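Structural features, examined
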Amino acid sequence: MNVIYAEYNIHHNSIDVATKAGYLLRIDCGKAEEGLKTTPGSECALNAFAIDEPLEYAKMYLDGNMQMWIDAEDSLDVF
């Protein structure tokens, strides 16, 4: 997939990814984060990540690595 851009859509709480082929992939952040085990700190970090790095958020979701990222984020809060 040749991505043109990705941005956080505040109106839909989603990541919108546009491709060179003219497709728009919309990832619903609420659905993407359902069932994840988060703490208030990691939830805040995840929200900031979606807004600041939408393409990386989309890649992380599509690769199935969100819980691993959250676990790593939470382990940083311990120190």
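Structure report, in brief. (Residues numbered from 1 in each chain as written. Predicted model: local features only at pLDDT ≥ 70, side-chain atom pairs only at ≥ 80, totals over all residues. Heavy atoms only, no water.)

Examining the overall build of the chain
Heads up, the condition is: The numbering of helices and of strands both runs from the N terminus, where a helix is a DSSP run of H or I of at least 4 residues and a strand a run of E of at least 2. Working rule for contacts: check all heavy atoms of both residues, and any pair within 4.5 Å makes them a contact. The protein chains shown are the only cover counted for residues, whose accessible areas, like all others here, come from Shrake-Rupley with a 1.4 Å probe.
Along the backbone of the chain there are four helices and three strands. Listing each helix as α and each strand as β along the chain from the N terminus yields β-β-β-α-α-α-α. With the C-alpha coordinates aligned to their principal axes, the bounding extent of the chain is approximately 45 × 25 × 20 Å. Relative to all contacts within the chain whose residues are 6 or more apart in sequence, the contacts with residues 24 or more apart total 39%. Here the chain displays about 5300 Å² of accessible surface, and carbon together with sulfur accounts for 54% of that area.

Structural notes on the nonpolar core
This is how it is decided: Side-chain atoms within 4.5 Å are what join buried Ala, Val, Leu, Ile, Met, Phe, Trp, Tyr and Cys residues into a set we call a nonpolar core. We call a residue buried when its accessible area falls under 20% of the maximum for its residue type, exposed when it is over 50%, and partly exposed in between, using a 1.4 Å probe and counting protein chains only.
Among the nonpolar cores identified, the biggest contains 14 residues, and Ile15, Leu46, Tyr57 and Met66 are the most heavily contacted of them. Elements with a contribution of two residues or more to this core: strand E2 (14–19), helix H1 (29–32), helix H2 (40–52), helix H3 (54–63) and helix H4 (66–77). Those residues in contact with Ile15 that lie beyond four places of it in its chain are Glu7, Tyr8, Leu25, Arg26, Ile27, Cys29, Ala50, Pro54, Tyr57 and Ala58.

Here's the deal with the pairing of strand E3 (residues 24–28)
Rules: Pairing between two strands is assigned when DSSP locates at least 2 bridges connecting them.
Inspection of the sheet shows E2 paired to E3 by five bridges, in the antiparallel sense. From the neighbouring strand, Asp16 faces E3, where its bridge partner is Arg26. What sits between the antiparallel neighbours E2 and E3 is a turn of four residues, in which Gly22 has the positive phi angle 90°.

Overview of unusual backbone geometry
The backbone of Asn13 sits at a positive phi, close to 50°, despite the residue not being glycine. Assignment of secondary structure puts Asn13 in the loop between strand E1 (3–9) and E2. Judged by relative accessible area, Asn13 falls into the partly exposed class, the value being 34%.

With respect to the pairing of E1
Of the strand pairs in this sheet, E1 and E2 are connected by six bridges, and their pairing is antiparallel. The residue of E2 that forms the bridge with Asn9 is Ser14. Following E1, the chain reverses through four residues before pairing antiparallel with E2; Asn13 in that reversal takes a positive phi of roughly 50°.

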